[in-house]
Amino acid sequence: MKQKIRPKAISLLPHDMKQWQYGYNSVDKARPYINEIVKIYLDTYHKDDIRKLNELLDEQVDISKELYGEGSNYKQYKKTKLDDLKKRMGNAVLTEMREFAKMEREDNYFAGSRRKLRKRRLDLDRIRRQRRLQHERIRSEKELLDH
């Protein structure tokens, strides 16, 4: 499933890879796909860790409520920490996607270069063949004139 999501996300990212930062507005269209990749990764490889993290964050929220009271913004703590995790994971995904896209672009570039080299080689062969034929014609004309 991730294999289908990644190309779609890459296609929605800006051409300038320096813009591939999770918090940038230029990534807005691709962000839902990046979030899905992060979710799949965390669910697959860190399900228990996320569960434990949520429990610890809930405990911290309770402690903050006791320390700072009902009027404080204690509920934001958990959301802020989870948003920070999402941003960090999103940037990690974007880094991997950047490497993948670079390799893909290099492959396309070298494939194009190979085609250009092949065409140049054929052009050179054609020029050499023409030059050889012209040289043979000149030699045969010279032989005819000499006899």
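Every chain is numbered independently, its residues counted from 1 as its sequence is written. Under the rules for a predicted model, residues below a pLDDT of 70 receive no local features and side-chain atom pairs below 80 are neither given nor counted, while totals for whole chains, interfaces and linings still include all residues. As a convention, hydrogens and water are excluded, and side-chain values are obtained from all of the structure's heavy atoms.

Q: Hey, could you go over the overall build of the chain for me, with residue numbers and the actual values?
A: Under the DSSP-based scheme used, a helix requires at least four consecutive residues in state H or I and a strand at least two consecutive residues in state E, with every element numbered from the N terminus. When helices and strands are counted, the chain shows four helices and zero strands. Tracing the chain from N to C terminus, the helices and strands come up as α-α-α-α. Whereas a compact globule of 147 residues would reach a radius of gyration of roughly 15 Å, the chain reaches 31 Å, over 25% beyond that. The principal-axis extent of the C-alpha atoms belonging to the chain is close to 115 × 30 × 20 Å. For every residue, the accessible area (1.4 Å probe, protein chains only) is compared with the maximum for its type, and the residue is labelled buried under 20%, exposed over 50%, or partly exposed between those bounds. Here the chain, with 147 residues, has 19% of them falling under the buried criterion. The long-range share in the chain, meaning contacts at least 24 apart out of those at least 6 apart in sequence, stands at 61%. Carbon and sulfur atoms make up 52% of the accessible area of the chain, which amounts to about 12,000 Å² in all. Here the chain carries 37 positive and 25 negative side-chain charges, and the mean point of each set is 7 Å from the other. Both definitions apply: the radius of gyration is a C-alpha atom measure, and the globule rule equals 2.2 Å times residues to the power 0.38. Contacts are assigned to residue pairs with any non-hydrogen atoms lying within 4.5 Å of each other. To be clear on the numbers: accessible area is Shrake-Rupley with a 1.4 Å probe, and residue cover counts the displayed protein chains and nothing else. Residues scored as positive are Lys and Arg, those scored as negative are Asp and Glu, and His as well as the terminal groups of each chain are ignored. We put the charge of a Lys on NZ, of an Arg on CZ, of an Asp on CG and of a Glu on CD.

Q: Help me get a handle on the layout of surface pockets, residues and values and all.
A: Here a cavity means grid points, on a 1 Å grid over the protein atoms only, where a 1.4 Å probe fits yet cannot get out; a pocket means an open set of points with protein on both sides within 12 Å along at least five of seven lines; lining residues are those with an atom within 4 Å of a point. Grid points are joined across faces, edges and corners, and a volume is the space filled by probe spheres set on the points. Of the voids in this model, the second largest pocket is the one considered here, and its volume is about 180 Å³. Looking at the second largest pocket, the residues that line it are Asn-35, Val-38, Lys-39, Leu-42, Ile-50, Asn-54, Leu-82, Leu-85 and Lys-86. Those elements that place two or more of their residues in the lining of the second largest pocket are helix H2 (31–45), helix H3 (47–68) and helix H4 (76–146). Ranked by residue count, the leading element in the lining of the second largest pocket is H2, at four residues. Each residue receives one of three labels: charged for Asp, Glu, Lys and Arg, nonpolar for Ala, Val, Leu, Ile, Met, Phe, Trp, Tyr, Cys and Pro, and polar for the others, Gly being one of them. The residue inventory of the lining of the second largest pocket, partitioned by class, reads five nonpolar, two polar and two charged.

Q: Explain the side chain of Arg-6 to me, using residue names and the numbers behind them.
A: For Arg-6, the location among the structural elements is in helix H1 (residues 2–12). No salt bridge is formed by the buried Arg-6, whose closest oppositely charged neighbour, Glu-96, lies at an N-O distance of 6.3 Å. Setting aside residues no more than four positions away along its own chain, Arg-6 makes contact with Ile-37, Met-97 and Phe-100. In the sections that follow, a salt bridge refers to a side-chain nitrogen of Lys or Arg positioned within 4 Å of a carboxyl oxygen of Asp or Glu.

Q: Give me the lowdown on H3, citing residues and values where you can.
A: Multiplying 1.5 Å by the helix residue count minus one yields the expected span of that helix. Across its 22 residues, H3 extends 31 Å between first and last C-alpha, which sits within 8% of the 32 Å expected from 1.5 Å per residue. Looking one or two places after H3, you find Gly-69, whose phi comes out positive at around 90 degrees.

Q: Go over the packing of aromatic side chains with me, naming the residues and quoting the values.
A: Given two aromatic rings, one states the distance between the centres and the angle between the planes to describe the pair. Working definition: a ring pair exists when centres of Phe, Tyr or Trp rings (six-membered ring for Trp) sit within 6.5 Å. Plane angles under 30 degrees give stacked, over 60 give edge-to-face, the rest tilted. What the rule picks out here adds up to one aromatic pair. Aromatic side chains Tyr-41 and Tyr-45 sit 5.2 Å apart centroid to centroid with 45 degrees between the ring planes, which places their arrangement in the tilted category. Taken together, the positions of Tyr-41 and Tyr-45, both in helix H2 and four residues apart, correspond to about one turn of that helix. The exposed category is assigned to Tyr-45, whose relative accessible area is 58%. Its end group placed over the ring of Phe-100, Arg-6 keeps NZ or CZ at 4.0 Å from the ring centre. Sitting over the face of the ring of Tyr-22, Arg-31 holds its NZ or CZ atom 5.1 Å from the ring centroid. Counted as over-ring charges are cases with an Arg CZ or a Lys NZ within 6 Å of the ring centre that also lie within 35 degrees of the ring normal.

Q: Describe the nonpolar core, naming the residues involved and giving the relevant values.
A: We call a set of buried residues a nonpolar core when its members are Ala, Val, Leu, Ile, Met, Phe, Trp, Tyr or Cys and they connect through side-chain atoms within 4.5 Å of each other. With 18 residues, the main nonpolar core has Leu-13, Trp-20, Ile-34, Val-93, Leu-94 and Met-97 as its most contacted residues. Residue assignment for this core shows that the elements contributing at least two residues are H1, H2 and H4. No other element matches the five residues that H4 contributes to this core. Not counting the four nearest positions on each side in its chain, Ile-34 is found in contact with Tyr-22, Val-27, Gly-90, Val-93 and Leu-94.

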